[in-house]
Each structure stands twice: as structure tokens, then as C-alpha cells.
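Now for the letters of each chain:
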Amino acid sequence: NAGVTQTPKFQVLKTGQSMTLQCAQDMNHNSMYWYRQDPGMGLRLIYYSASEGTTDKGEVPNGYNVSRLNKREFSLRLESAAPSQTSVYFCASGIMGGSETQYFGPGTRLLVL
Amino acid sequence: KNEVEQSPQNLTAQEGEFITINCSYSVGISALHWLQQHPGGGIVSLFMLSSGKKKHGRLIATINIQEKHSSLHITASHPRDSAVYICAEGGADGLTFGKGTHLIIQP
């Protein structure tokens, strides 16, 4: 089992460019999450999907969109990147909600110039 | 919104010492998570608990629901335990994280 995979590992964007971060899990989990990690701020929830076909905003959703493509895949899109979106992005999955162990991907380091 | 506070922010200790990291949260929770993030950046779940105590090897996690407080203990600490330890409150809509404790164990 690969667990949770993320692509790309590292990306540099110019302000205004768009990109999609991909996440996939092979553990048959219902819930998937996107978090960002910034120095001094800790990890914060951007969006989550409690089950296939549903998505909801987290603490910091502005500037992002998500798609739960199927049970395995959950993508995060930046339509017009801004320097404030420079961060490390982690995808995670769990059987059901925050009351179960979550499994994290390796992260995507994004730099917006 | 639940607030999760961790202490200390930074901790340096000598190999073999007993380590305690504390976590406080502000409202009732469904589960309390302890995570480890190594210098390479990967995040691993260590414990999830809603009551009592859990032990895995040299790591022990406890929670006091009435006091809204949890602790992570490391016995016989080793340089390979050097990492950031993160406490998080779990709910149906994902995790709310503390800012982490940066632990360095010196040989």
C-alpha cells in the first residue's frame, strides 16, 4: 500500500498562475482533508471531504477550490496564486472524521513569487 | 472554535531524560491526537485517545477530560526522538492543531 500520495512534491509559481495539487489514498478511507502548514501558525484546515461527493470549507478556504473526484482522489486548486499561499500543503485521509486516526501524505512545498 | 495550546514551544534535553509535553484545549472534544513531524517534514500519527492512557514503546499519552488537558511522555529519550510533536483536537470536520513542540535530544 502506498498510503497517501501527493503530487507534485515541490512547485514554484508566479503570482496569478493556477495549479492543482493532487492527492490519492489507497486505504479505502471515506474522509479526506487538505491542510496548510506555515511557520508560527501550525497546521490549518483548508477544505475537507467527509465522503465521496461532499466537500466543506475549513478554517482557511479563501483562494482555493477542491474536487473529490472519487473515493480515492481529492484535489486542491489554486485559481490565481498569491504570495500568501506560499506554504507546505498536506493531504490526509481517515476512515471517518477527526475521531479516527488520520494518515498524512508527504506534503507539497509551494512557493509563489 | 476550539483552541489548542501546547507547551513548551521548544525543549532541549539530554539523552535518557524523561520528557513531558503538555496540551490544553478549550471545549469538549471527540478525540485528542498526538502527531510527530520529523525534520524531513513527514507527519505520523502517534496516538488518538478520548480517555485514559495509551502506551506505545517508550511513548505514553494521557488525557484528563475534566481538566481538558493531555500529556505526551517519552521515557529514556534518544536523539532519534528529536522532532516536532503536535497535539490536535479531532472532530467531524477534521483536526484543529496546536503549534507544536520542537524537541531536541542531545547525545
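S.K.: So what exactly am I meant to see when it comes to the overall build of chain B here?
M.R.: The secondary structure content of chain B amounts to 0 helices and 11 strands. Of the regular secondary structure in chain B, the N- to C-terminal order runs β-β-β-β-β-β-β-β-β-β-β. Over its C-alpha trace chain B gives a radius of gyration of 13 Å, about what one expects of a compact globule, namely 13 Å for 107 residues. Across the 107 residues in chain B, those meeting the buried criterion constitute 46%. The long-range share in chain B, meaning contacts at least 24 apart out of those at least 6 apart in sequence, stands at 53%. If the 8 positive side-chain charges of chain B are averaged to one point and the 8 negative ones to another, these points end up 6 Å apart.

S.K.: How should the packing of aromatic side chains be read in this particular structure?
M.R.: Tallied over the full model, the rule gives 5 aromatic pairs over all chains. With a centroid separation of 6.3 Å and 20 degrees between ring planes, the pair formed by A:Tyr33 and A:Tyr48 is classed as stacked. Here the residue A:Tyr33 occupies a position in strand β4 (residues 31–38), and A:Tyr48 occupies one in strand β5 (residues 42–49), the gap between them amounting to 15 residues. Through a chain of ring-to-ring contacts, three or more aromatic side chains come together here, namely A:Tyr33, A:Tyr35, A:Tyr48, A:Phe104 and B:Phe97.

S.K.: Explanation requested: the environment of A:Lys71 in the structure shown.
M.R.: Residue and element names in this part refer to chain A. Residue position: Lys71 is located in the loop between β7 (64–68) and β8 (74–78). Its relative accessible area of 26% is what places Lys71 among the partly exposed residues. Through-space distance from the C-alpha of Lys71 to that of Glu52 is 5.2 Å; in sequence the pair is 19 residues apart. Non-local contacts of Lys71, meaning those with residues more than four positions away in its chain, are made with Gln25, Asn28, His29, Asn30, Met32 and Glu52. In this structure the side chain of Lys71 is engaged in a polar contact, spanning 3.2 Å, whose partner is the side chain of Asn28. Reaching out from Lys71, the side chain makes a polar contact with the side chain of Asn30 at a distance of 3.4 Å.

About the cut-offs
- Residues numbered from 1 in each chain as written.
- Chains lettered and ligands numbered in written order.
- Predicted model: local features only at pLDDT ≥ 70, side-chain atom pairs only at ≥ 80, totals over all residues.
- Heavy atoms only, no water.
- Helix = DSSP H or I, 4+ residues; strand = E, 2+ residues; numbered from the N terminus.
- Rg over C-alpha atoms; globule rule 2.2 N^0.38 Å.
- Buried < 20%, exposed > 50% of the residue type's maximum accessible area, 1.4 Å probe, protein only.
- Contact = heavy atoms within 4.5 Å.
- Lys, Arg positive; Asp, Glu negative; His and termini not counted.
- Charge placed at Lys NZ, Arg CZ, Asp CG, Glu CD.
- Phe/Tyr/Trp six-rings, centres within 6.5 Å; stacked < 30°, edge-to-face > 60°.
- Polar contact = N/O pair within 3.5 Å; in protein donor to acceptor, adjacent residues only side chain to side chain.

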